Each structure stands twice: as C-alpha cells, then as structure tokens.
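# A look at the structure
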Amino acid sequence: MLIGEVARRSGVSARMLRHYESLGLVRPTGRSGNGYREYSGDDIRRIFHVESLRSLGLSLRDVGRALEDPGFTPSELVDDLILRTRERIESETELLTRLRRIGAAEPADWQDVLQTVTLLHALGSTSAGTRQRAALSSVDEVPVEALVEAVLGESDQNVAGALRWALAQSGDRGPELLAEGLASPAPEVRKRAVRSLAGIPGGRTTELLGDALTHPDVVVRRYAALELGARGVPDAVPTLVDMVAEEANDADAADVLSALAGSAESAEHIASRLVGRLARGVAGPTARRRLTEALADIPGSTASRALADLSRDEDRAVALTAAYVLGLREGR
C-alpha cells in the first residue's frame with residue numbers, strides 16, 4: 001500500500017508518516033518499481049500502535065522505547081503520565097476558574113480585565129500583607145466566588161478578617177456560597193465558613209446559621225450558636241448552655257445567654273436549661289461551678305431558687321459561689 005492510501009485509511013498525514021520514518025518508528029518494508037514507499041500489513045499495524053501510544057500522551061521518544069526495548073516496563077512511565085495529566089488538569093482547572101471569575105466581574109473593557117486579574121493574583125500571593133491589602137480593596141472589584149474561596153483557604157487571622165469584611169459588603173451571594181463550605185470534609189474549612197457566615201448580617205444568613213445548629217461538627221454548632229444568640233435567636237440556648245458546661249468558649253456563651261435573658265420568658269427558659277444541665281448529674285465539679293456562675297446573670301425566680309438550692313450544695317466551691325451570687329441578687 002502506497003503512502004497516500006495509508007494516510008487516507010489511517011488518518012495519519014503523509015508528512016507525519018515521513019516524520020515517523022525519519023525517527024525510525026515506522027519504516028515501510030518495501031518499494032514499488034517506481035521507488036515509492038510501500039507499507040505492509042505489519043507496517044500499518046505498527047502505525048496504529050504508534051498512534052495509540054501517542055494518544056496516552058507519550059512523547060515520540062517514549063513511543064520508540066516502548067516499541068523497541070524488550071525490557072521496557074510501562075508501569076513507571078504510566079505513573080509519570082498520570083502525574084503529568086493531573087498537573088495539566090489542575091492547571092487547566094485553575095485557568096477555567098480564573099476566567100469564570102473574570103467573567104463574573106462583568107468587565108467593561110480590557111482595563112477592567114487587567115484590574116481584576118491583578119487583584120486575583122494578589123489574593124493568591126504568598127505575602128499575607130499583599131493578600132490583606134487586596135481583600136480590603138476588593139469590594140465591587142472581585143467576584144464574590146473568589147472572596148469565598150480565598151477566605152475558606154486563609155490561615156492568617158488578619159487576612160481572614162479582611163476577607164470576611166469584604167464578603168459582608170459583597171451582596172447576597174456570599175452566604176449561599178459560604179454555606180457550601182460547611183459541607184467540606186476539612187474541619188478547618190468548615191470552621192472558616194461558619195465564622196465568615198457569622199460576620200454577614202441579614203435574614204438569609206440567620207436562616208443558614210440556624211441550619212448549622214444541627215450540623216454534625218460541634219465547632220460549627222458552637223460558632224453558629226454564639227452568633228445566633230447575639231442576634232436574639234432563642235434556638236441557640238441549648239448549645240450555649242452545653243458550651244458553658246463543656247468549657248468551650250464558656251465565658252462568651254455565658255455573656256450571650258445573659259443578653260438573651262432580656263424578657264421574663266427568655267430568662268425562665270434559659271434558667272431552666274441551666275438547672276436541667278446541673279440536674280443531670282453528669283457535669284463535673286468545674287462544670288457545675290461554671291453553670292452556677294452563668295445563673296448569676298439570669299434574672300427571675302427560677303434562677304433565684306436554683307441558686308438558693310446550690311448555696312447548700314455538697315461541693316463547697318459551688319455552695320460559696322451560689323451564696324455569694326444570691327447575696328448580690330438580694331442586695332445583701
């Protein structure tokens with residue numbers, strides 16, 4: 001079969017077939033009477049072998065080794081191909097993400113494109129100072145998706161604070177995107193997501209934080225409870241009481257409980273929760289003292305009766321704490 005017909009049937013151009021010949025990959029085994037190259041059935045099968053190996057990403061040099069070296073083992077080469085393919089996919093994915101961010105910014109001209117690219121590069125800088133400056137200057141200039149990705153991956157507290165501030169100014173899409181971060185398999189990402197949500201005002205954010213009260217990650221539940229309590233949401237009370245007992249941001253939790261106890265109904269509800277936690281019998285001495293101290297700032301008869309009972313507690317530290325607090329409440 002002559003080279004032209006081989007090219008038509010194989011889909012490999014005559015020019016590439018000549019290149020393969022020059023490299024010694026596929027040599028036609030015969031010549032016609034006029035001196036034209038003639039390819040045998042084995043030659044054509046070899047062409048398809050070459051094309052198959054090239055389709056895997058092998059260089060022509062590696063293709064030659066695979067075809068000619070009897071001792072050639074493909075496993076190491078395949079592992080290298082897998083690594084290079086992953087790197088290429090990551091690079092292409094990064095490029096696609098950057099292009100989407102630029103498109104989301106709706107640039108009016110090339111100057112806007114360049115400005116957005118500059119800020120995106122700055123947000124990905126290895127310098128914390130550069131990232132922080134980019135965050136503080138990014139309102140209305142960088143797509144909210146980029147801000148969310150940056151804050152979920154940010155370990156520097158100052159930079160994270162700047163990014164949370166930028167997200168709070170960035171409109172309505174931030175909370176929904178941050179809520180997706182709560183499903184991350186990485187605990188640190190979930191923590192950053194809920195902390196960022198807590199910094200964004202609005203009813204939708206309050207709803208999302210309310211959903212987070214039942215999250216399987218206790219850290220997420222606690223951050224959500226602190227923010228919801230500060231927003232006056234009574235559903236946060238059970239988690240806040242547990243935080244006091246478990247010495248998890250217990251001072252902050254007690255302060256939020258005190259602030260929530262503004263009405264008589266709320267005060268009685270909170271006091272009942274604290275008393276119930278004390279009555280379970282599972283809290284250790286230190287936890288019981290913390291719960292007693294938390295009762296001090298809760299007005300109402302339920303808290304006063306509980307403190308009177310606790311002033312006779314067998315744990316002397318609890319009894320002294322309760323008696324002292326009760327005296328303050330009664331003006332003694």
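Residues numbered from 1 in each chain as written. Predicted model: local features only at pLDDT ≥ 70, side-chain atom pairs only at ≥ 80, totals over all residues. Heavy atoms only, no water.

## Remarks on the overall build of the chain
- Counting secondary structure elements, the chain contains 19 helices and two strands.
- Taken over 332 residues, the chain has a buried fraction of 39%.
- Nonlocal contacts in the chain, meaning residues at least 24 apart in sequence, comprise 50% of its contacts between residues at least 6 apart.
- Carbon together with sulfur atoms contributes 50% to the accessible area of the chain, which is approximately 18500 Å² in total. (Helix = DSSP H or I, 4+ residues; strand = E, 2+ residues; numbered from the N terminus. Buried < 20%, exposed > 50% of the residue type's maximum accessible area, 1.4 Å probe, protein only. Contact = heavy atoms within 4.5 Å. Areas by Shrake-Rupley, 256 points an atom, 1.4 Å probe, with all protein chains shown as cover.)

## Brief notes about unusual backbone geometry
- One non-glycine residue, Glu247, lies in positive phi territory at about 55°.
- Positionally, Glu247 belongs in the loop between α14 (237-245) and α15 (250-260).
- A positive phi is found at Asn249, a non-glycine position, where the angle reads about 55°.
- Position of Asn249 relative to the elements: it lies in the loop between α14 and α15.
- Given a relative accessible area of 41%, Asn249 falls into the partly exposed group.

## Quick look at the pattern of salt bridges
- Inspection of the entire model under this criterion finds 18 salt bridges.
- Note that Asp62 is salt-bridged to Arg65, the shortest N-O span being 3.4 Å. Of the two residues, Asp62 and Arg65 are both situated in helix α4 (residues 60-68); the distance of three residues between them amounts to about one turn of the helix.
- With its nearest N and O atoms 2.7 Å apart, the salt bridge here joins Glu154 to Arg131. Taken together, the residues Glu154 in the loop between α8 (144-152) and α9 (157-168) and Arg131 in helix α7 (residues 128-136) connect sequence positions 23 residues apart. Residues Glu154 and Arg131 agree in their burial class; the two are buried.
- Each of the salt bridges in this network shares a partner with another, and the network as a whole consists of Arg222, Asp242, Glu246 and Arg277. (Salt bridge = Lys/Arg side-chain N within 4 Å of Asp/Glu carboxyl O.)

## Some remarks on the nonpolar core
- By size, the foremost hydrophobic cluster in this structure holds 68 residues, and its most contacted members are Leu240, Leu257, Leu274, Leu295 and Ile298.
- Sort the elements by how many residues they give to this core and α8 lands first, with seven residues.
- Not counting residues within four places of it along the chain, the set of residues in contact with Leu257 comprises Val237, Leu240, Val241, Val244, Ile270, Leu274 and Ile298.
- In terms of nonpolar packing, the next biggest core, distinct from the first, is built from 16 residues, Ile3, Val50, Val63 and Leu77 among them. (Core = buried A, V, L, I, M, F, W, Y, C linked by side-chain atoms within 4.5 Å.)

## Describing the confidence of the model for the chain
- The share of residues in the chain with pLDDT of 70 or more is 86%, and the mean pLDDT across the chain is 83.
- Across the chain, the secondary-structure element scoring lowest on mean pLDDT is helix α6 (residues 110-123), at 66, and the one scoring highest is helix α13 (residues 218-230), at 96. (pLDDT = per-residue confidence, 0-100.)

## Considering helix α11 (residues 187-198)
- For α11, with twelve residues, the first-to-last C-alpha span of 17 Å sits near the 16 Å given by 1.5 Å per residue.
- For α11, every residue scored as buried is listed here: Val189, Arg190, Arg192, Ala193, Val194, Ser196, Leu197 and Ala198.
- Buried positions along α11 lie against α8, α9, α10 (173-181), α12 (203-212) and α13. (Expected span 1.5 Å × (residues − 1).)

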